[in-house]
Amino acid sequence: MSAAPPFVVRKAAVLGAGVMGAQIAAHLVNANVPAVLFELPAREGDPNGNVLKAIENLKKLEPSPLAVASRTGYIQAANYDQHLALLKECDIVIEAISERMDWKSDLYKKVAPHLGPHTIFASNTSGLSINRLAQAFPAELRPRFCGVHFFNPPRYMHLVELIECRDTRPEILDDLENFLVTALGKGVIRAQDTPNFIANRVGVFSMLATIHHAQRLGLGFDVVDALTGTLIGRPKSATFRTADVVGLDTFAHVVNTMKETLAQDPWHPYYAVPEWLQALIDQGALGQKTRRGVYQKVGRDIHVLDLGAQGYRLSDGQADETVVEILKNRSVAERFAQLHASNHSQAQFLWSIFRDTFHYCAVHLAEIAHNARDLDFAIRWGFGWNQGPFEIWQAAGWHRLADWIAADIAAGNAMANTPLPAWATEAARSGVHTPQGSYAPAHDTYQPRSKLPVYRRQPFPDRLLGEETKYGETVFETDAVRCWHTGDDIVIVSFKSRMHAIGDDVLDGVLQAIDEAERNYMGLVIWQPEPPFSVGANLKKTPAGGAGPGQPTAMGRFFKQFRRAAESTVLKAAHALNVADKLMAGKLAEVEQLVEQFQYTTESLKYSMVPTIAAVDGLALGGGCEFVMHCDRAVATLESYIGLVEVGVGLLPAGGGCKEFALRAVADARGGDMSPFLQKYFKAVAMAEVGRSAEHAREIGYLRPTDRIVMNRFELLDIAKAELRALAASGYRPPLRVNAIPVAGRSAIATIKAFMVNMLEGGHISEHDYLIGSRIATVMCGGEVEGGSLVDEQWFLDLERSHFMELIATQKTQERIEHMLKTGKPLRN
């Protein structure tokens, strides 16, 4: 037998065009992997009717599974009757049909003869036995079979569980892990072949414990969600909203799988679908997908199911202020001590759900996971918790909590009477995570992280409590920025301000970093240890204390969720250059100096004598976007949301953003009519368009064709440095300053204004919107001069600054700024 060739995924197939299958195919094409999507043939009309409908529906889903809508063109429609021969062309086939062992087995027997000689076949089952599924394949195919469990929605959820069967070749798992991590941007956890694997096993148990204790203590579903969301470091959707989003039928299926397959489990009596939940399912109230579940929207109001009233009522449940104050305590140990000691029903509820989850995880760790790190990451990446169960327990004081848990077990207060395992109560134990590794009870040792070569691309991987992370050696540090390196010839600058906003102190720091790079290093990378890249310049200066090197926060976990995180923040981050305080004091001259400083900084990034790279993850808005546009190269994660949003506070981009768009329009026109390109870029600025992905940002024009898009945020810095080295190795020189730039002039301004007049008369924009748009058009078209006139970059910068200053002097812009500062919401006036 000839050796298998190196594993390269040239094409993939997905079997099943349901919710998960279609979205897995979408994420494959997001990653530039052509995909063949299979479904049953339609009974009437085009045999591919079912799969074509599924592909078209991808464009309607929110949050979008597609980086850009046009990616559906790379998903090939197929059906099982006509196109099985296409499977031979695929390097990996992912099965994602319904969770029925018999259906999956029948499909495996059908497709097995059509697989290529080296094709990897993986099931996306959420909890069925991989070893049992493998029995449907001929013995010679089982070494190429495994489980690969994506979480919904596949584009946004970081976790993928990788599960081997007894016959899976080890190199198959290594190849798949490499592909999943780098090509698809995932965090891979190798799970044991146990029911529901790791994340669903623990996450669903935690939800069942929540349901049990909510009913025991008489807490409403909305009160429970108020308690189990962001207050305790979990997603805003908390418990019952999450169940609605996932689908009540899907949740019930996972619970029933646990009931059927875990008969000997000490918690088996609780593996049951509550009567009220089954009643909703029987009524077809399945949650978000049917617009009714635990919650339903009535007009503009959200109503919640009330078991006592046997119907819905207005959702207005709140966490009690006493409990909120406990949860605000920054000391995790004190927080848990107060919850444990409190007689308040809400505090006792929280202690109970934490206690039972800790107990469950300790008892089952050896069975379901290789080590404590895998369990904690599975819950963080799969369920969106800020910290995993063991991390929380360790932070709260391992021994004290272990004693309290043991006491509750002995008193019959816990959900199961099984004692904690001996390893959990060892006198010498202070936790399960250490700098050397995480505890593995099956081997009674601490296991280090994976040594697979793919992880060498992650200089600063996601870390756990107890692990040490040192962000290189400091070159210089101020209250606003830290300039540092990792022992090589590339210098990195990171912002320390809240949300990495840009004030005059950050500008000073960036200029100092550029100077340092030009004197002593190969180049400069702007990179933040945690998202966002930057929400732009401050509307009002806030103290340092963001996620700078040495103080990473959970902010990244928020921004790596759904792109709605970007959309809800878009207008809050206008590039007002920290002008609010000075504006209110009437110091417009100082505001203008700040604008000049910002322009000088962005020009310095563009014309530095060494390469400059913007390594972007999360939001890059307003001034943050202008930094990106001026660096020699941007390297952005797919989940980067980039845009110029200044119009939200009645301003225009004045850090060179309008100027760069004008230059790009000239380049795009290639000597021809630049009007169509100017109109495209004008629309982006005037409508504050924000890319819904890095690919979308490239379509809009914020990113250039030469900019790089990466899938895994933990590889971002490594790839940014590689880009910088490539530029330096080619004999880098900064771009030549262009002193003869043709402008579109007054006729193009008039055309754009005519369009806006129609918008104004139609009631789509206000008088002030028209004024802002007119000034944006004037800047981007080069001012009130004849078309074809030649100007330099400084001309555009002067136009930006003068029109910015004229807008900021207007009462309505000042009202917009003040309203944003007070409410966090844009004002239409």
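Heads up: the structure comes first, above all this text.
Residues numbered from 1 in each chain as written. Predicted model: local features only at pLDDT ≥ 70, side-chain atom pairs only at ≥ 80, totals over all residues. Heavy atoms only, no water.

J.: Tell me about the overall build of the chain, and name the residues and values.
T.: Within the chain, the regular secondary structure consists of 29 helices and 23 strands. In summary, the chain has a C-alpha radius of gyration of 28 Å against a globular reference of 28 Å for 829 residues, a match within 12%. Within the chain, the proportion of its 829 residues that are buried is 59%. At a minimum sequence separation of 6, the contacts of the chain that also span at least 24 residues come to 72%. Carbon and sulfur atoms make up 51% of the accessible area of the chain, which amounts to about 32700 Å² in all. (Helix = DSSP H or I, 4+ residues; strand = E, 2+ residues; numbered from the N terminus. Rg over C-alpha atoms; globule rule 2.2 N^0.38 Å. Buried < 20%, exposed > 50% of the residue type's maximum accessible area, 1.4 Å probe, protein only. Contact = heavy atoms within 4.5 Å. Areas by Shrake-Rupley, 256 points an atom, 1.4 Å probe, with all protein chains shown as cover.)

J.: Describe the state of the cysteines, listing the residues and the values that go with them.
T.: All told, the structure shown has zero disulfides when counted by the stated rule. Residue C631 stays outside any disulfide, its sulfur separated by 11 Å from that of C625, the closest cysteine. Judged by its relative accessible area of 1%, C631 is buried. (Disulfide = S-S within 2.5 Å.)

J.: An account of unusual backbone geometry is needed here, citing residue identities and associated values.
T.: E62 connects to P63 through a cis peptide bond whose omega is -5°. Mapping P63 onto the fold places it in the loop between α2 (49-57) and β3 (75-79). The omega angle of the peptide bond from P531 to P532 is 5°, so this bond is cis rather than trans. For R670, which is not glycine, the phi dihedral falls at a positive 50°.

J.: Report on the pairing of strand β13 (residues 437-440), specifying residues and quantitative values.
T.: Within a regular strand, the side chains alternate between the two sheet faces. Direction of pairing for strand β12 (residues 433-434) relative to β13: antiparallel, over a ladder of two bridges. What sits directly across from T434, in β13, is G437. Hairpin remark: β12 followed by β13, antiparallel, with two residues in the connecting loop. As paired strands, β13 and strand β14 (residues 445-447) are joined by three bridges and run antiparallel to one another. What sits directly across from S438, in β14, is Q447. (Pairing = 2+ DSSP bridges.)

J.: Run through the nonpolar core, naming residues and quoting values.
T.: Among the nonpolar cores identified, the biggest contains 120 residues, and F38, F390 and W393 are the most heavily contacted of them. The next biggest cluster of nonpolar side chains, apart from the first, holds 85 residues, and it includes Y156, I514, A537 and A636. (Core = buried A, V, L, I, M, F, W, Y, C linked by side-chain atoms within 4.5 Å.)

J.: Outline the environment of H83, listing residues and values.
T.: Mapped onto the fold, H83 is located in the loop between β3 and β4 (92-95). Beyond its immediate sequence surroundings of up to four residues, H83 is in contact with F38, N48, A77 and A78. From its side chain, H83 meets the backbone nitrogen of N79 in a polar contact 3.0 Å long. (Polar contact = N/O pair within 3.5 Å; in protein donor to acceptor, adjacent residues only side chain to side chain.)

J.: Mind laying out the pairing of strand β15 (residues 473-477), listing which residues take part and the relevant values?
T.: In this sheet, strand β16 (residues 481-485) lies alongside β15 in antiparallel orientation, the contact comprising four bridges. For F476, the partnering residue across the bridge sits in β16 and is C483. Taking the residues that link successive antiparallel strands as the turn, the β15-β16 hairpin has three residues.

J.: An account of the sheet that holds β12 is needed here, citing residue identities and associated values.
T.: Reading across from one edge, β12-β13-β14 is the order of the three strands in this open sheet, with antiparallel pairing throughout. Each edge of the sheet is formed by a strand with only one pairing partner; in this case those strands are β12 and β14. Of the strands in this sheet, β12, β13 and β14 are in contact with helix α14 (residues 372-383), which crosses β13 at around 105°. (Axes fitted to C-alpha atoms, helices over the stretch in contact; angles between N-to-C directions.)

J.: Quick rundown of helix α10 (residues 275-282)? Include the residues and the values.
T.: Of all the residues in α10, the buried ones are W276, L277, L280 and I281. Burial along α10 is one-sided: seen end-on, the buried residues are contained in an arc of 140°. Those residues of α10 that are exposed and angled more than 90 degrees off the buried face are E275 and D282. Against the buried residues of α10 lie α6 (199-217), α7 (221-227), α8 (240-246), α9 (248-261), β10 (301-306) and β11 (311-314). With its phi angle positive at about 80°, G284 sits one or two positions after the end of α10. (Arc of directions from axis to C-beta.)

J.: Provide a residue-level description of the packing of helix α12 (residues 332-341) against helix α15 (residues 389-410), including the pertinent values.
T.: Where α12 contacts α15, the axes come no closer than 8 Å and their chain directions differ by 40°. With respect to α15, the element α12 is oriented oblique. Here α12 and α15 pass one another in a crossing that is right-handed. Note on element contacts: α15 touches α12 through I392, A395, A396, R400, L401 and W404, opposite V332, A333, E334, F336, A337 and H340. (Parallel < 35°, antiparallel > 145°, perpendicular 65-115°, else oblique. Left-handed = near helix turned anticlockwise from the far one by under 90°.)

J.: Explain the side chain of Q599 residue by residue, including any values.
T.: If you trace the backbone, Q599 turns up in helix α20 (residues 588-606). A residue is classified by how much of its surface remains accessible, and Q599, at 4% relative accessible area, is buried. Among residues more than four places away in sequence, those in contact with Q599 are A654, G655, L797, E800 and R801.

J.: Outline the packing of helix α27 (residues 767-780) against helix α28 (residues 793-808), supporting the account with residue identities and numerical values.
T.: To characterise two packed helices, one gives the angle between the axes of the helices and the distance between these axes. It is at 9 Å that the axes of α27 and α28 come closest, and there the two elements cross at 165°. Judged on the interaxial angle alone, α28 and α27 are roughly antiparallel. Pair α27 / α28 crosses with right-handed handedness. Across the interface between the two elements, L771, I772, R775, T778, V779 and M780 of α27 pack against F796, L799, E800, H803, E806 and L807 of α28. Among the residues making up the contact of α27 with α28, the classes are represented as seven nonpolar, two polar and three charged. (Nonpolar A, V, L, I, M, F, W, Y, C, P; charged D, E, K, R; others polar.)

J.: Kindly report on the environment of Y295, identifying the contributing residues and their values.
T.: Looking at the secondary structure, you find Y295 in strand β9 (residues 295-298). Between the C-alpha atoms of Y295 and D306, which are eleven residues apart in sequence, the distance is 9.8 Å. For Y295, the contacting residues outside a window of four places in its chain are F221, D222, D225, F240, R241, D244, I302, H303, V304, Y312 and S315.

J.: Give me the sheet that holds β11: which residues, what numbers.
T.: Pairing is antiparallel in the open sheet, where three strands are placed in the order β9-β10-β11. Pairing within the sheet leaves two strands with one partner each, and these edge strands are β9 and β11. On average, adjacent strands in this sheet sit at an angle of 40° to one another, irrespective of strand direction. Judged from the four bridges that link them, β10 and β11 form a sheet pairing that is antiparallel. Bridged to H303 within β11 is L314.

J.: Provide a residue-level description of the pattern of salt bridges, including the pertinent values.
T.: For side chains of opposite charge, pairing can occur when their charged atoms come near one another. For the structure on display, the rule yields 55 salt bridges. Taking the shortest distance from any N to any O, the salt bridge between E99 and K104 comes out at 3.2 Å. Taking relative accessible area as the criterion, E99 reaches 21% and is therefore assigned partly exposed. Two residues, E689 and K683, come together in a salt bridge whose shortest N-O distance is 2.4 Å. Using a relative accessible area of 19% as the deciding quantity, one classes E689 as buried. Taking relative accessible area as the criterion, K683 reaches 41% and is therefore assigned partly exposed. Each of E603, K606, K659, E660, R737 and E793 takes part in salt bridges that share partners, so that together they form one network. (Salt bridge = Lys/Arg side-chain N within 4 Å of Asp/Glu carboxyl O.)

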